[in-house]
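The primary structure of each chain is shown beneath.
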Amino acid sequence: MHSQRSFLFLLGSPRPDGNTELLARRAAEQLPAGAEQRWLRLADLPLPDFEDLRHEGDGGYPAPTGHAEVLLEATLGATDLVIASPLHWYSVSTPTKHYLDHWSGWMRAPGVEFKPRMAGRKLWGITALAGVDAADADALVGTLQKTANYLRMEWGGVLTGNGSRPGDVLHDTAALSRAKAFFAG
């Protein structure tokens, strides 16, 4: 694993510069100067629907290619993964779900050793929701936290903010205040 922290921000919104991304960028401003940051927009790296091959043939998966290979290499190259997904129907967005679905295949692809290599990395979440009740994001939080637990990753928590129309989250002073200390936790 890296001695220096390397943050991979995975932007799960189908809309560029949405409230979730704005909140993530505010939180990232507080990272130490030496921390590497890489930002990938999942909508720019579309993945096919995930196909469950566990019970077909030998149960193995082919090595990832194309966008899946790019995302796998970026994922394994980071010490800290930040899933920045807006709240869609109380959970992660479709591009985010597709990305996480592919983790199942990566765990079974020859030579990848995804699960043991993910252990010890840190998983964070950032989301913006249209409502004011942060409990509306419980399913999103649960998805990410259980993913971290399953892969023996450290759990950084989820930063939530309120915003429906573009830019609204910049008026959520409580969320912006939490963003300043989010990655220190």
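Provided above is the structure to which this section pertains.
Residues numbered from 1 in each chain as written. Predicted model: local features only at pLDDT ≥ 70, side-chain atom pairs only at ≥ 80, totals over all residues. Heavy atoms only, no water.

Turning our attention to the pairing of strand β5 (residues 154-162). Where strand β4 (residues 122-129) meets β5, eight bridges bridge the pair, whose relative direction is parallel. Opposite Gly-125, over in β5, you have Val-158 as the bridge partner. One crossover worth recording links β4 to the parallel β5 by way of helix α5 (residues 138-150), and it is right-handed. (Pairing = 2+ DSSP bridges. Helix = DSSP H or I, 4+ residues; strand = E, 2+ residues; numbered from the N terminus. Right-handed = clockwise from strand over helix to strand, strands pointing away.)

Attention now moves to the packing of aromatic side chains. One pass over the full model with this rule turns up 13 aromatic pairs. With 5.9 Å between their ring centres and 90° between their planes, Phe-9 and Phe-183 make a pair best called edge-to-face. Of this pair, Phe-9 sits in strand β1 (residues 6-11) while Phe-183 sits in the segment after α6 (173-182); the two residues are 174 residues apart in sequence, bridging distant segments of the chain. Under the relative-accessibility criterion, Phe-183 is labelled buried at 8%. Consider the rings of Trp-124 and Phe-182, whose centres lie 5.1 Å apart with planes at 65°: the pair is edge-to-face. Of this pair, Trp-124 sits in strand β4 while Phe-182 sits in helix α6, and the two are 58 residues apart along the sequence. What makes Trp-124 buried here is its relative accessible area of 0%. These aromatic residues form a ring-pair network of at least three members: Phe-7, Phe-9, Trp-39, Trp-124, Phe-182 and Phe-183. Seen from the ring of Trp-39, Arg-25 lies directly overhead, with NZ or CZ sitting 4.0 Å from the centre. (Phe/Tyr/Trp six-rings, centres within 6.5 Å; stacked < 30°, edge-to-face > 60°. Buried < 20%, exposed > 50% of the residue type's maximum accessible area, 1.4 Å probe, protein only. Lys NZ or Arg CZ within 6 Å of the ring centre and 35° of its normal.)

Ranked by internal contacts, the top residues of the largest apolar core, which has 32 residues, are Leu-10, Leu-71, Leu-81, Tyr-99, Trp-103 and Phe-114. Elements supplying a minimum of two residues to this core: β1, α2 (66-76), β3 (80-84), α3 (94-106), α4 (114-118), β4 and α5. With sequence-adjacent residues up to four places away left out, Leu-81 is seen in contact with Leu-8, Leu-10, Thr-75, Tyr-99, Trp-103, Met-118, Arg-121, Lys-122, Leu-123, Trp-124 and Met-153. Counting 20 residues, the second largest nonpolar core, distinct from the first, contains Leu-11, Ala-28, Val-82 and Phe-183. (Core = buried A, V, L, I, M, F, W, Y, C linked by side-chain atoms within 4.5 Å. Contact = heavy atoms within 4.5 Å.)

So far we have only geometry, and geometry alone does not tell us how the molecule works.
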